[in-house]
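Fold and geometry: a report
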Amino acid sequence: MQNISAIKINSGNGKNVLTQESLLKRKQELISILPKLRLQPDSFRSKNGKTRDEYIKEIERWLDEIEQALLSAPYEGDLEANQSSSKCSYQSNQLKKIKPQKISKPITNQDDQSHLRVVEDTRNKVKKMGGYIHLGGIHVPVCETQDNLVKWEAVPGKMFVSGGRKFSEIKFVKDTGGITYTAKPGELLKFSQKHRNKRLETVDTILEGKKELKALKKILVRLSAVVRDYEDLNPDLSDYDNKAKHYVSEIEKFTDPESLLMLFDIEQQGITDPEDFAERVAEIITTQQFLRSIDETGDEFIPELDHTFKLTPFFEEKFAWFAQLVNRQLGLGNNAYLQELVDNNYMPAWEELSAKGMTVIVGPRGTGKNKLTDYYCAVSNRPLFRYACSPDKEERDLTYDVELSDGEVVRIPTRILTAVTTPNAVLELDELNLLRPNVAKFFNSLFDGDRTVFLNDQVVKAAPGVIFVGLMNPADYDGVEDLPETIDDRSNIMQINYPVFRKINRTTNYETFSYDEALILKDNITPLKEISDDIFIKAWNNIVNFMGENVSLDPKLIKIIKDLKNIIAIANRTRELVEAYKTRRGDLRMERDISLRGTIEAVRFYSENHLWSKSLVDLPDYKPGWNAAQYTIAMTYLPHTLTYRKGKNDRESMMIILAESIQ
């Protein structure tokens, strides 16, 4: 392919000019290659010998050059309305501040069922280069993978004297956003999610006197220069591969004692034992390189997309509501501005947006509050940090955890401070309302426009793009604390409940049953797992709601779908009773309903025991008259009532529910 940067673009009459039309065509050609290329195995090689990742990087660079070229390319053909001379000055003023990114054409839902199959493919296509996902009419920015992360450094620590000689201990630190992280050989890697239960390898980090410290500094400076030259290497060079191999080889020499002795005249630095010093330095640099490799991409806290979570119509609606409030929190609530960014394939400049406030999700347990934030972070490429709030928390508990290590008091930043200083992170405060009001005031300055935490000895400012999310149960439930007023006043609130199961058409008075929860549960029942979601929806509407087109299914599958409907019906009944009781509107006492987690447990029991084909009368603890759904609920819900004091009342209430006629 022709190098775009080498193309000269003039105002109109020159020869060999690439117009906007031809550049756009070439851009689409490259975009169409990327998804196919990412599916290739690690062993893939292009015709010129480039690996898959190298080839992807080259295409992304070409796309970036095309974006730059489009800014000055002449256009042949009709202009779109938003490219005409009548375009308002607002756009030109705002876009000057936005850095153009490599973004493919936005992908949107095309039909009623597309929410069931488009999201993961969409995320994979835009994750690494930024872009937008469009769901429920809301634009969700997908954050770029960080390429300018703060790196771990090996720096001198405390000095001590032994036998009349001075020594210094080298420590490994990373300073980001006013927070210092420390890694010590032999101790747990508490700053890392993936390696949290592992210990950093024990190495000798003791250096003697100023001479050894000075020599180490020179070696590290030299290493940084080599690494910088390697990172700045132009992939367009004809001998790029050879030069890259050369730099990699040079970098590796710094972790080999013998190579260090050849690179540096260590003895000339006045060091009495060069071989021993070289071994210690090689170990120090090896450890530093390992620490850098741990968070090389900065994505270890980004949740994986949960394949068991489905964005059904109900959850798509809630997701869109949540995304809208998050956009407002980030300063993207101006729909015209956000739409303009999307139309022009620009990502927001997070550091220039006036972010403010918090998003709070209110809903009963088991309704998917955590799942909603997990899913948002997974599809938008954001690190997620979850912090559990409780009444016993003090303000100091929100900032640092204090531990005793080797006789020293060590302060470890909590997930709150880690999230605040991580670009594009999401800080989720679970059971936020449990914090005492005087403790909750800690967040006032963080949720205000300055987005800053003021500590006794430091000021920590939120990194660009950071999002704050709070979760809580409804305050009208008995025993649930109010959301502190200082937080309530700074928040946008949304509500989430269980998916509506029974729906009545007010015109015809015809009752139908929603497939939202059934769609989530079906993959936990072995025979239904083989049916596509689209076919299942059609079968549900035909078998349960007696509407829609007829679907030819095995009688066994029809029986299973009817049982599934009855399981959800019983669960829905418990939710109605708990809601009525906790809001003092019901006479029947019931403390705990069957949540989504509970229905998943139930259908797994149903599937594992093949209850669609069993003779129920032969099964243990069977009660005359129970159908498969009633037996399933009895075997999975009733044992839980033995684990809490008020479980006896819930057990009695469940027996009343099971005695009802479930059709």
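Reading the values: rules and limits
- Along each chain, residue indices are assigned from 1 in the same order as the chain's sequence is written.
- Reporting of local features is limited, given that this is a predicted model, to residues whose pLDDT is at least 70; pairs of side-chain atoms are given and counted only at 80 or more, and all residues count toward the totals for whole chains, interfaces and linings.
- Each side-chain value is worked out from all heavy atoms of the structure, with water and hydrogens disregarded.
- The way it works is that DSSP assigns letters per residue, a run of H or I at least four long becomes a helix, a run of E at least two long becomes a strand, and they are numbered from the N terminus.
- For each residue, the accessible area found with a 1.4 Å probe, counting protein chains only, is set against the maximum for its type, and the residue is called buried under 20%, exposed over 50%, and partly exposed in between.
- Residues are treated as being in contact if the distance between any of their heavy atoms lies within 4.5 Å.
- Surface accessibility in these figures is a Shrake-Rupley result with a 1.4 Å probe; residues are shielded only by whichever protein chains are displayed.
- Working convention: axes come from line fits to C-alpha atoms, limited for helices to the stretch in contact. Angles between N-to-C directions cover 0 to 180 degrees.
- For a crossing to be left-handed, the near helix must be turned anticlockwise from the far one by less than a right angle; the clockwise case is right-handed.
- An expected span of 1.5 Å times one less than the residue number is assigned to each helix.
- Throughout, the arc means the angular range of directions from the helix axis out to the C-beta atoms.
- Like charges within 9 Å and nonpolar side chains (Val, Leu, Ile, Met, Phe, Trp, Tyr) within 5 Å are joined into patches, using only residues over 30% in relative accessible area that form no salt bridge.
- Throughout this description, the term salt bridge denotes a Lys or Arg side-chain nitrogen within 4 Å of a carboxyl oxygen of Asp or Glu.
- What we call a nonpolar core is a set of buried Ala, Val, Leu, Ile, Met, Phe, Trp, Tyr and Cys residues that are connected through their side-chain atoms within 4.5 Å.
- The rule for a disulfide is simple: a pair of cysteine sulfur atoms within 2.5 Å.
- Between 30 and 60 degrees the pair is tilted, below 30 it is stacked and above 60 it is edge-to-face, where a pair is any two Phe, Tyr or Trp rings, Trp via its six-membered ring, whose centres lie within 6.5 Å.
- Whether two strands pair depends on DSSP finding at least two bridges between them.
- What pLDDT conveys is the predictor's confidence in a given residue, as a value from 0 to 100.
- Working rule for angles: under 35 degrees goes down as roughly parallel, over 145 as roughly antiparallel, 65 to 115 as roughly perpendicular, anything else as oblique.

**Regarding the overall build of the chain**
Counting secondary structure elements, the chain contains 22 helices and 17 strands. With 663 residues in all, the chain has 48% of them scored as buried. If you take every contact in the chain between residues at least 6 apart in sequence, the share linking residues at least 24 apart comes to 68%. Total accessible area computed for the chain in this model is approximately 34,400 Å², and 48% of it derives from carbon and sulfur atoms.

**Here we look at the packing of helix 20 (residues 596–608) against helix 21 (residues 628–637)**
The contact between helix 20 and helix 21 brings their axes to 9 Å, and the two run at 115°. The crossing of helix 20 and helix 21 is right-handed. Residue-level inspection shows Glu-601, Ala-602, Phe-605 and Tyr-606 of helix 20 in contact with helix 21, the latter providing Ala-628, Tyr-631, Thr-632, Ile-633, Met-635 and Thr-636.

**Some remarks on helix 22 (residues 647–659)**
Across its 13 residues, helix 22 extends 18 Å between first and last C-alpha, which sits within 8% of the 18 Å expected from 1.5 Å per residue. What helix 22 keeps buried is the set Gly-647, Asp-650, Ser-653, Met-654, Ile-657 and Leu-658. Here the buried residues of helix 22 occupy an arc of 140° about the axis, which is enough to place them on one side. In helix 22, the exposed residues that point more than 90 degrees away from the buried face are Lys-648 and Ala-659.

**A closer look at a nonpolar patch on the surface**
Residues Tyr-510, Phe-546 and Met-547 make up a contiguous nonpolar surface patch of roughly 350 Å² in combined accessible area. Of note, Met-547 is situated in the loop between helix 18 (533–543) and helix 19 (555–582). Given the relative accessible area of 39%, Met-547 is considered partly exposed.

**Section: the nonpolar core**
With 67 residues, the main nonpolar core has Leu-291, Ile-416, Leu-429, Phe-443 and Phe-468 as its most contacted residues. With sequence-adjacent residues up to four places away left out, Leu-429 is seen in contact with Met-358, Tyr-387, Cys-389, Ile-416, Phe-443, Phe-447, Val-469, Gly-470 and Leu-471. Core analysis: the second largest hydrophobic core is formed by 50 residues, Phe-605, Tyr-631, Tyr-644 and Ile-657 among them.

**Concerning the state of the cysteines**
Counted under the stated rule, the structure contains zero disulfides. The closest cysteine sulfur to the non-disulfide-bonded Cys-377 is located on Cys-143, 9.3 Å from its own sulfur.

**Here's the deal with the environment of Ile-487**
With respect to the helices, strands and loops of the structure, Ile-487 is situated in helix 15 (residues 485–488). Every residue in contact with Ile-487, bar those within four places of it in the chain, is listed here: Met-358, Leu-432, Ala-440 and Phe-447.

**Focus on the packing of aromatic side chains**
One pass over the full model with this rule turns up 14 aromatic pairs. Where Phe-501 meets Phe-513, the ring centres are 5.2 Å apart and the plane angle is 50°; that geometry is what we call tilted. Remark: Phe-513 occurs in strand 17 (residues 511–513) and Phe-501 occurs in the loop between strand 15 (491–495) and strand 16 (502–504); sequence separation between them is 12 residues. Of the residues examined, Phe-501 reaches a relative accessible area of 4% and is grouped as buried. Considering the side-chain rings of Phe-536 and Trp-540, the 6.1 Å spacing of their centres and the 40° angle between planes classify their relative orientation as tilted.

**Description of the sheet that holds strand 8 (residues 384–388)**
Spatial ordering of the open sheet is given by 8-11-14-7-15, a layout of five strands whose pairing is parallel. Two strands close off the open sheet at either side, each with one partner strand: strand 8 and strand 15. Averaged over neighbouring strand pairs, the angle between their axes works out to 20° when direction is ignored. In this structure, strand 8 lies alongside strand 11 (residues 426–430), joined through five bridges in parallel fashion.

**As for the environment of Leu-528**
Here Leu-528 lies in helix 17 (residues 526–529). Residue class for Leu-528 comes out buried when judged on its relative accessible area of 0%. Expressed as a C-alpha distance, the spacing of Leu-528 and Ile-561, which sit 33 residues apart in the sequence, is 8.3 Å. If we skip the residues at most four places from it in the chain, Leu-528 touches Lys-522, Phe-536, Leu-557, Ile-560, Ile-561 and Leu-564.

**Digging into the confidence of the model for the chain**
Across the chain, the average pLDDT comes to 80, with 81% of residues at or above 70. Scored below 50 in pLDDT, residues 74–129 shows 119 contacts in the model against residues more than four places distant or in partner chains.

**What about the packing of helix 21 against helix 22?**
At a closest axis distance of 11 Å, the pairing of helix 21 and helix 22 adopts a crossing angle of 175°. As judged from the angle between their axes, helix 21 and helix 22 are roughly antiparallel. For the pair helix 21 and helix 22, contact is made by Gln-630, Ile-633, Ala-634 and Tyr-637 and by Asp-650, Met-654 and Leu-658, respectively.

**Regarding the pattern of salt bridges**
Under the counting rule described, the total for this entry stands at 21 salt bridges. With its nearest N and O atoms 2.7 Å apart, the salt bridge here joins Glu-208 to Arg-165. Taken together, the residues Glu-208 in strand 6 (residues 206–208) and Arg-165 in strand 4 (residues 165–176) connect sequence positions 43 residues apart. For Glu-208, a relative accessible area of 29% gives the class partly exposed. Salt bridges sharing partners connect three or more residues here, namely Lys-310, Lys-522, Asp-523 and Asp-533.

**Looking at the pairing of strand 4**
Of the strand pairs in this sheet, strand 3 (residues 153–162) and strand 4 are connected by eight bridges, and their pairing is antiparallel. Paired with Pro-156 across the strands is Ile-170, a residue of strand 4. Looking at chain direction, strand 4 and strand 6 are connected through three bridges and run antiparallel. By the bridge assignment, Phe-167 is partnered in strand 6 with Glu-208. When strand 4 meets strand 5 (residues 179–183), the two strands line up antiparallel, connected through five bridges.

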